[in-house]
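So the chains spell out like this:
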Amino acid sequence: MDKHWYKVFVAAFLEVFWVIGLAHSYDMWTWTSTVIALIVSNYLMITAGQVLPAGTVYAVFVGLGTAGTVISEIFFFGEPFQWAKVLLILILLTGVFGLKAVTADQSREGVDA
């Protein structure tokens, strides 16, 4: 797997933190951490999107971030568990990994990253 895809996965992981931070931050430190996670997450996604197909990068980023946020809210913040949510997350992740699977792993020529 291309190193730029790792950037997308790390960006999606950080997206979970900043999205949760938007809902649960309560003081200067939690807001600062949220903003830092947001900036780093978007930076990684943008730099990966300059080399990989931008549409696929964004779909993977948002799909994984959404799934991670919903799962985190269920496990850590008391969001009610529903089988329908689990099924929809599985469908979402199937689509995300399907997009990744059919997208060529070739970096654009002439772009250093």
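Just above sits the structure.
Here goes a summary of the coordinates provided. Computed from a prediction, not measured in an experiment: that's the story for all the values here. (Residues numbered from 1 in each chain as written. Predicted model: local features only at pLDDT ≥ 70, side-chain atom pairs only at ≥ 80, totals over all residues. Heavy atoms only, no water.)

This part takes up the overall build of the chain. A tally of helices and strands in the chain yields 4 helices and 0 strands. Beginning at the N terminus, the succession of helices and strands in the chain can be written as α-α-α-α. Along the three orthogonal principal directions, the C-alpha set of the chain runs to about 45 × 35 × 20 Å. Out of the 113 residues in the chain, the part that is buried amounts to 35%. Taking the contacts inside the chain whose residues are at least 6 apart along the sequence as the reference set, 75% of them involve residues at least 24 apart. (Helix = DSSP H or I, 4+ residues; strand = E, 2+ residues; numbered from the N terminus. Buried < 20%, exposed > 50% of the residue type's maximum accessible area, 1.4 Å probe, protein only. Contact = heavy atoms within 4.5 Å.)

The next point concerns the pattern of salt bridges. Counted by the stated rule, this structure contains 1 salt bridge. Two residues, Glu79 and Lys85, come together in a salt bridge whose shortest N-O distance is 2.9 Å. Note on Glu79: relative accessible area 33%, which makes it partly exposed. (Salt bridge = Lys/Arg side-chain N within 4 Å of Asp/Glu carboxyl O.)

Compared with the 33 Å implied by 1.5 Å per residue over 23 residues, the 32 Å span of helix α3 (residues 54-76) between its first and last C-alpha is a close match. Just downstream of α3 lies Gly78, where phi reads positive at about 75 degrees. (Expected span 1.5 Å × (residues − 1).)

On to the nonpolar core, then. Judged by nonpolar contacts, the single largest core of 16 residues is most densely connected at Trp5, Val8, Leu52, Val57, Val60, Phe61 and Leu64. Elements with a minimum of two residues in this core: α1 (3-24), α2 (28-49), α3 and α4 (83-102). A per-element tally of this core places α3 first, with 5 residues. Discounting residues that sit within four places of it in the chain, Phe61 has contacts with Val8, Ala11, Ala12, Glu15, Ser41, Asn42 and Met45. (Core = buried A, V, L, I, M, F, W, Y, C linked by side-chain atoms within 4.5 Å.)

Next up on the list: the packing of α3 against α4. Orientation of α3 relative to α4, taken along the N-to-C sense of each, is 155 degrees, at an axis distance of 9 Å. Comparing the axis directions of α3 and α4 gives the class roughly antiparallel. Every pair of crossing elements has a handedness; the one defined by α3 and α4 is left-handed. Packed against α3, whose contacting residues are Thr56, Ala59, Val60, Gly63, Leu64, Thr66, Ala67, Val70, Ile71 and Ile74, the element α4 presents Lys85, Ile89, Leu92, Leu93, Val96, Phe97, Leu99 and Lys100 at the interface. Across the contact of α3 with α4, the residue classes tally to 13 nonpolar, 3 polar and 2 charged. (Axes fitted to C-alpha atoms, helices over the stretch in contact; angles between N-to-C directions. Parallel < 35°, antiparallel > 145°, perpendicular 65-115°, else oblique. Left-handed = near helix turned anticlockwise from the far one by under 90°. Nonpolar A, V, L, I, M, F, W, Y, C, P; charged D, E, K, R; others polar.)

Turning our attention to the packing of aromatic side chains. Two aromatic rings, taken as a pair, are described by how far apart their centres are and by the angle between their planes. Taken as a whole and judged by the stated rule, the model has 3 aromatic pairs. Pairing Tyr58 with Phe61 gives two aromatic rings, centres 6.5 Å apart and planes at 35 degrees, and the pair type is tilted. One end of the pair is Tyr58 and the other is Phe61, both in helix α3 and 3 residues apart, which spans about a single turn. Accessibility expressed as a relative area gives 3% for Phe61, which makes it buried. (Phe/Tyr/Trp six-rings, centres within 6.5 Å; stacked < 30°, edge-to-face > 60°.)

Moving on, we come to the environment of Ile39. Note that Ile39 resides in helix α2. Counting along the chain gives 21 residues from Ile39 to Trp18, while the straight-line C-alpha distance between them is 9.2 Å.

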